[in-house]
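Below, each chain spelled out in residue letters.
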Amino acid sequence: MIFYDFEVFEKDWLAVFIDVTKKKEHVIINSPDKLKALYEANRKDIWVGFNNRHYDQYIMKGILLGMNPKKINDWIIVDNKEGWQYSRAFNKLPMINYDVMPSNDETMKTVGLKTMEGFLGSNIKETDVDFRIKRKLTQEEIEQTVKYCRHDVEQTIKVFLEKVSEFNAVHGIIQAFPKETSLYDIGDSEARITAKVLGCSKTHFSDEFDFFFLPCLKLKKYKYVQEWFAEKRKEALEMGLQDFDKKDKKTWYKSQNFETIVAGIPHTFGFGGLHGASDKPIHRKGQILHVDVNNYYPSMLIAWGLVTRAATNNNFKLVYDTRKAMKKKQVAAAKAGRKAEAKQWKKAQLPYKKMLNALSGAMKDETNAAYDPRNNNCMCINGQLMLLDLIEHLEVVPGLELIQSNTDGLIIWIPDTDEAFEMVDDICWEWEQRCSTEQCSILLELDNISEIYQKDVNNYLWIGTDGSVER
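Residues numbered from 1 in each chain as written. Predicted model: local features only at pLDDT ≥ 70, side-chain atom pairs only at ≥ 80, totals over all residues. Heavy atoms only, no water.

## A closer look at the overall build of the protein chain
Helix and strand counts for the protein chain stand at 14 helices and 14 strands. If you line up the protein chain on its principal axes, its C-alpha atoms span 80 × 55 × 45 Å. Sequence separation of at least 24 residues holds for 66% of the intrachain contacts in the protein chain that already meet a minimum separation of 6. Seen as two clouds, the 65 positive and the 69 negative side-chain charges of the protein chain have centres 5 Å apart. (Helix = DSSP H or I, 4+ residues; strand = E, 2+ residues; numbered from the N terminus. Contact = heavy atoms within 4.5 Å. Lys, Arg positive; Asp, Glu negative; His and termini not counted. Charge placed at Lys NZ, Arg CZ, Asp CG, Glu CD.)

Set out below in structure tokens:
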């Protein structure tokens, strides 16, 4: 495994490589021959960087192919274009790249290395050498740039070690599905690897706004929320929104928010998720329950046949069942007091958990082979309405107070009586039976909370009855 970083100027380029396996550093300055020798000797190794998926790998490949690295740099940094678009020749040089930069495929939001260094308490000072210098760098400037480049590589290693569970999860996916994936996929996002595991074939769907409501819904008091979504469907179809470009559709989606009072507290519904909380900070003690839907989106996708229509196999169900079996063993080991075994089973689940959660975002990403926006809309909209349905039925419990609602669960306060708890338990059981299908059960978990402090739906802290703290 080799960690690396490139620095590119008008007349110079340099790179620092730290081979953590051989415990050796390579500093290469303006020498394509030395770079080629290093690449040839380690072409089957994993090359790790920070933003190397979008930048450093293309600088390296460009130099190896005899291209001008400054032109590639400007293409990516100045013109804000993707590195792979610069030349198809890059495909001739295979590299197993892994990027430690946190990012989101759908939103393309990223976190810079200096921000990560700050989180880790490291020095975040940038080099004083101006990257806009038009002349050759002096020896002093070269040395200073090498110093800061080395620092960034060392910090990349530090970030990697902090996030090594994510690497192990992606590596675990590849090991579990060797027919569908290879080690060269290690640099892809979890969403893209998931699409490969599902054998997704890029498909054009023209029914993004033909979403439908599931027959399990029994809304009465809050039926008007479902009707609002129906109006949005009609509006989108009449506009021909399906044929709008990506930017305009995104703008429309973001503007669609419906605010209303549910169970006495403000709620917001939209095409992303459900959020509800008191508009004032609260502190509660007593019989507090976290009503959590277990694996909500993955369970719903399987139960109601909403897994992306671009999939060509049944691997999503296989992944779901495998993780479920592992979790069962984890719980059994924990109950028996076998902490080490429980920890191992929890760790083993991570690759499968990552895949299950990655699909929902992939289904809304136009560049992903799993793209299926209608099924994503069905999942998000019905997910909100099913929770709203649960709230409506729970409101009959005397004295119940809704503390918050979010995408996959609720927090409620009830009187500390057996009668109140049994009513909640019965209502939750009925909801489970109604929302589940023969294909998959959608189940609720009731976790006991002894105390909660809440500013809003995104900022809260609770203390479990076992003394554990969730924040």
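## A closer look at the pairing of strand 10 (residues 401–406)
Counting buried residues along strand 10, 5 of its 6 residues qualify, which places the element largely inside the surrounding structure. Note: strand 8 (residues 275–277) against strand 10, 2 bridges, orientation antiparallel. Looking at the pairing, Gly276 lines up with Ser405 of strand 10. Across 5 bridges, strand 10 lies against strand 11 (residues 409–414) in antiparallel orientation. Directly across from Asn406, in strand 11, lies its bridge partner Gly409. Following strand 10, the chain reverses through 2 residues before pairing antiparallel with strand 11. (Buried < 20%, exposed > 50% of the residue type's maximum accessible area, 1.4 Å probe, protein only. Pairing = 2+ DSSP bridges.)

## Some details on the confidence of the model for the protein chain
Per-residue pLDDT for the protein chain has a mean of 92; in total, 94% of the residues score no lower than 70. Within the model, pLDDT remains below 50 along residues 104–109, and this stretch shows 12 contacts once partners closer than five positions in the same chain are excluded. (pLDDT = per-residue confidence, 0-100.)

## Section: helix 14 (residues 418–435)
The end-to-end C-alpha distance of helix 14 is 26 Å, a good match for the 26 Å that 18 residues give at a rise of 1.5 Å each. Contacts from the buried residues of helix 14 go to strand 9 (282–293), helix 10 (296–303), helix 13 (373–394), strand 11 and strand 12 (444–456). (Expected span 1.5 Å × (residues − 1).)

## Here we look at the sheet that holds strand 4 (residues 46–49)
Each strand in a sheet pairs with its neighbour through backbone hydrogen bonds, running either in the same direction (parallel) or in the opposite one (antiparallel). A sheet is described by the order of its strands in space; here 5 strands give the open sequence 3-2-1-4-5, paired in mixed fashion. Across the chains shown, the open sheet's two edge strands, defined by having one partner strand only, are strand 3 (24–29) and strand 5 (96–99). Sheet twist, expressed as the average angle between the axes of neighbouring strands with direction ignored, equals 25°. Of the strands in this sheet, strand 1 (2–8), strand 2 (13–19), strand 4 and strand 5 are in contact with helix 2 (residues 56–64), which crosses strand 1 at around 75°. (Axes fitted to C-alpha atoms, helices over the stretch in contact; angles between N-to-C directions.)

## With respect to the environment of Leu385
With respect to the helices and strands, the residue Leu385 is situated in helix 13. Each C-alpha atom of the pair Leu385 and Phe229 lies 9.8 Å from the other, and the pair is 156 residues apart in sequence. Discounting chain neighbours no more than four positions away, the residues touching Leu385 are Phe213, Leu217, Leu219, Val225, Gln226 and Phe229.

## Regarding the environment of Leu35
Counting through the fold element by element, Leu35 comes out in helix 1 (residues 32–41). Relative accessible area serves as the criterion here: at 0%, Leu35 is assigned to the buried category. Residues Leu35 and Asp130, spaced 95 residues apart in sequence, show a C-alpha to C-alpha distance of 24 Å. In this structure Leu35 touches Phe6, Trp13, Phe17, Ile28, Met60, Ile63 and Leu64, once residues within four positions along its chain are discounted.

## Thoughts on the pattern of salt bridges
Per the stated rule, a full pass over the model turns up 23 salt bridges. In this structure, the salt-bridge partner of Glu395 is Lys221, at a minimum N-O distance of 3.2 Å. Placement of Glu395 in the loop between helix 13 and strand 10 and of Lys221 in the loop between helix 7 (190–197) and helix 8 (223–239) is noted, with a sequence separation of 174 residues between them. Residue Glu395 is classed as partly exposed on the basis of its relative accessible area, which comes to 27%. (Salt bridge = Lys/Arg side-chain N within 4 Å of Asp/Glu carboxyl O.)

## What about the pairing of strand 7 (residues 265–269)?
Going residue by residue along strand 7, you find Ile265, His267 and Phe269 tucked away on one face and Pro266 and Thr268 left uncovered on the opposite face. With 5 bridges connecting them, strand 6 (residues 258–262) and strand 7 associate as antiparallel partners. In the strand pairing of strand 7, Phe258 is matched with Phe269. What sits between the antiparallel neighbours strand 6 and strand 7 is a turn of 2 residues, in which Ala263 has the positive phi angle 55°. Sheet topology places strand 7 next to strand 8; 2 bridges connect them, and they run antiparallel. Looking at strand 8, one finds that His267 is bridged to Gly276.

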